[in-house]
Number of protein chains: 2
Amino acid sequence: MAIRIVIADDHTMLREGLAQALDSIPDIEVIATAADGRELLTLLAEITPDVILVDIEMPRLSGIGALRKLEGAPPAIVVTMHSEDEQRRKAAAAGAKGFLSKSAPLPDLAAAIRSVAAGEELLDAAATADILDRHRQPILDEGAAALTGRERELLSLLASGVSSTEDLADRLFISQKTVKNHLASIYDKLAITDRAQAVVEAIRLGIHR
Amino acid sequence: MAIRIVIADDHTMLREGLAQALDSIPDIEVIATAADGRELLTLLAEITPDVILVDIEMPRLSGIGALRKLEGAPPAIVVTMHSEDEQRRKAAAAGAKGFLSKSAPLPDLAAAIRSVAAGEELLDAAATADILDRHRQPILDEGAAALTGRERELLSLLASGVSSTEDLADRLFISQKTVKNHLASIYDKLAITDRAQAVVEAIRLGIHR
DNA sequence: GCCGCGATAGGGCGGAGGACCTATTGCGCT
DNA sequence: AGCGCAATAGGTCCTCCGCCCTATCGCGGC
């Protein structure tokens, strides 16, 4: 269901941080990370993600070096510190399907992951913007996509700890009956049975704050 | 309650990724981020975090430059790509309280944040390891710290979507009565009233999987 | 040896919550 | 004009949940 990705970067803070951030996006799942090119190769001998995210600058074996050895089995996106044309050219030559600066916003990275997962290429800097726009929205679950605005509001409140029918009704300025109706509709769409499961789903789908 | 921090780094992927990763630690709260030194200064004119995390290499105004202007109001930890003594020396001179490589593991970063929040200094590379060790454990809420092992197991199951008394009893191989007793104890300790709120707390406290 | 407490289990009681059904209003699309 | 649907609200029924109280067993500490 979700797009399964692997992240390779030698800086733990970026690697683990990005892993957590991407994992929290409903349609993206980080299944493993690697601290250098060799680790990445070892990893890919065992598992096959849908998309690989590689940093260029890494000890032992660089991202570009790793890609050359892989010959593009799973599509790869190269991320780098200083986005220069020379690096972009090298990445493309090594078989990368995408190229992004580490300064790119996370929604762009998510869109890029969806793009290459769908078989598109993001190498031409000019064309990239258009392609990304077509992959902006996260691919939510069937049920989650069917949620109405009011249902999302209610879920968001639930996920913030407002659990009783009375409190929910007060916060939304509607009757307790309507709260129960909305909840029943949510249970139906998400295929769950109670408020506790609704909280789990709300947080998994990123419906909170 | 939680340690309030601000992150300054020009690379969005590191900045936002790290923000999300740190925010998920129960006793750490990321209240804002900045993309360069100037933004950081603007931010600190408005808000006062407990700890600042700054990258050295940033456009417009470097991390070191920003620290010099701040004169160490909130304690700062400098993070950098290539951990060299020259940079460590400069960071110390600019008033930094800590110095870490971006390759440092996240638990070390969390421990470093707790250390400087507590008023300690992490500049001597040799002494750092000992100090970090003393700040390994996350500072949980009063109530959360009082949870017993079995109560955590139950919470963890709840947070994974097992919500009915019957299912919980089956998964833990205990009677439904005991499940209710454990739940009542959890409600008491966490000052909540039902399963939905328990799920919210479980996830906030990182008790899941 | 006993106290405290974690883990286990039972009973009763009242209310909240979930399932099922109907109904009205207003909006947008055809 | 008519359809579909989101948002609102009401009703009934019965289960399950939260609350209060009691009780046993075994372990570790004072």
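Refer to the structure printed above.
Residues numbered from 1 in each chain as written. Chains lettered and ligands numbered in written order. Predicted model: local features only at pLDDT ≥ 70, side-chain atom pairs only at ≥ 80, totals over all residues. Heavy atoms only, no water.

K.L.:
What should I look at first to understand the side chain of Asp36 of chain B in this one?
P.N.:
Residue and element names in this part refer to chain B. The residue Asp36 is located in the loop between strand 2 (28-34) and helix 2 (37-46) in this model. Under the relative-accessibility criterion, Asp36 is labelled buried at 6%. A distance of 2.9 Å separates a polar atom in the side chain of Asp36 from the backbone nitrogen of Arg38. At 2.9 Å, the side chain of Asp36 and the backbone nitrogen of Glu39 are in polar contact. Contact partners of Asp36, with chain neighbours within four places excluded, come to Met58, Pro59, Arg60 and Leu61. (Helix = DSSP H or I, 4+ residues; strand = E, 2+ residues; numbered from the N terminus. Buried < 20%, exposed > 50% of the residue type's maximum accessible area, 1.4 Å probe, protein only. Polar contact = N/O pair within 3.5 Å; in protein donor to acceptor, adjacent residues only side chain to side chain. Contact = heavy atoms within 4.5 Å.)

K.L.:
Would you mind going over the side chain of Arg114 of chain B with me for this structure?
P.N.:
Among the secondary structure elements, Arg114 of chain B is positioned in helix 5 (residues 106-117). Side chain to side chain, Arg114 of chain B and Asp27 of chain B meet in a polar contact 2.7 Å long.

K.L.:
Just to check I follow, could you spell out the sheet that holds strand 4 (residues 76-80) of chain B for this structure?
P.N.:
Hydrogen bonding along the main chain pairs the strands of a sheet, whether they run parallel or antiparallel. Residue and element names in this part refer to chain B. Strand order in the open sheet formed by five strands is 2-1-3-4-5, and the pairing between neighbours is parallel. Two strands close off the open sheet at either side, each with one partner strand: strand 2 and strand 5 (98-101). Pairs of neighbouring strands in the sheet enclose a mean axial angle of 25°, with direction left out of account. Of the strand pairs in this sheet, strand 4 and strand 5 are connected by four bridges, and their pairing is parallel. The residue of strand 5 that forms the bridge with Ile77 is Gly98. Across the sheet, helix 1 (residues 12-23) touches strand 1 (3-8), strand 2 and strand 3 (51-55), and the angle it forms with strand 2 is around 165°. Running at roughly 125° to strand 2, helix 2 makes contact with strand 1, strand 2 and strand 3 of the sheet. (Pairing = 2+ DSSP bridges. Axes fitted to C-alpha atoms, helices over the stretch in contact; angles between N-to-C directions.)

K.L.:
Explain the interface of chain A and chain B to me, please; I cannot follow it from the model alone.
P.N.:
By a widespread convention, an interface's size corresponds to the accessible area lost as its parts come together. In this complex, chain A contributes 34 residues to the contact, which on the side of chain B involves 34 residues. Across the chain A to chain B interface the summed buried area is about 2,600 Å²; carbon plus sulfur atoms make up 69%. The interface formed by chain A and chain B includes zero salt bridges. In this structure, the connection of chain A to chain B is made through 17 residue pairs in polar contact (both at pLDDT 80 or more). Of all elements in the fold, only helix 1 (12-23), strand 5 (98-101), helix 5 (106-117), helix 8 (149-159) and helix 11 (195-204) of chain A reach the threshold of two or more residues within the side of chain A that touches chain B. At eight residues, helix 1 of chain A tops the list of elements feeding residues into the side of chain A that touches chain B. Across the side of chain A that touches chain B, the residue classes tally to 17 nonpolar, twelve polar and five charged. (Buried area = accessible area lost by both parts, 1.4 Å probe. Salt bridge = Lys/Arg side-chain N within 4 Å of Asp/Glu carboxyl O. Nonpolar A, V, L, I, M, F, W, Y, C, P; charged D, E, K, R; others polar.)

K.L.:
When you look at the protein's contact with DNA strand C in this model, what are you seeing that I'm missing?
P.N.:
Near DNA strand C there are 18 residues, and of these Arg195 of chain A together with Thr148, Ser175, Lys177 and Asn181 of chain B occur at the shortest range. Backbone sugar and phosphate groups make up 60% of those atoms of DNA strand C lying within 4 Å of the protein. Between DNA strand C and the protein, one listed contact pairs a phosphate oxygen with a side-chain N or O atom of Thr165 of chain A at 2.7 Å. Between a base oxygen of DNA strand C and a side-chain N or O atom of Lys177 of chain B, the distance comes to 3.0 Å. Secondary structure elements with two or more residues in the surface near DNA strand C: helix 10 (176-190) of chain A together with helix 8 (149-159) and helix 10 (176-190) of chain B. By residue number, the principal contributor to the surface near DNA strand C is helix 10 of chain B, which donates four residues. (Near = heavy atom within 4 Å.)

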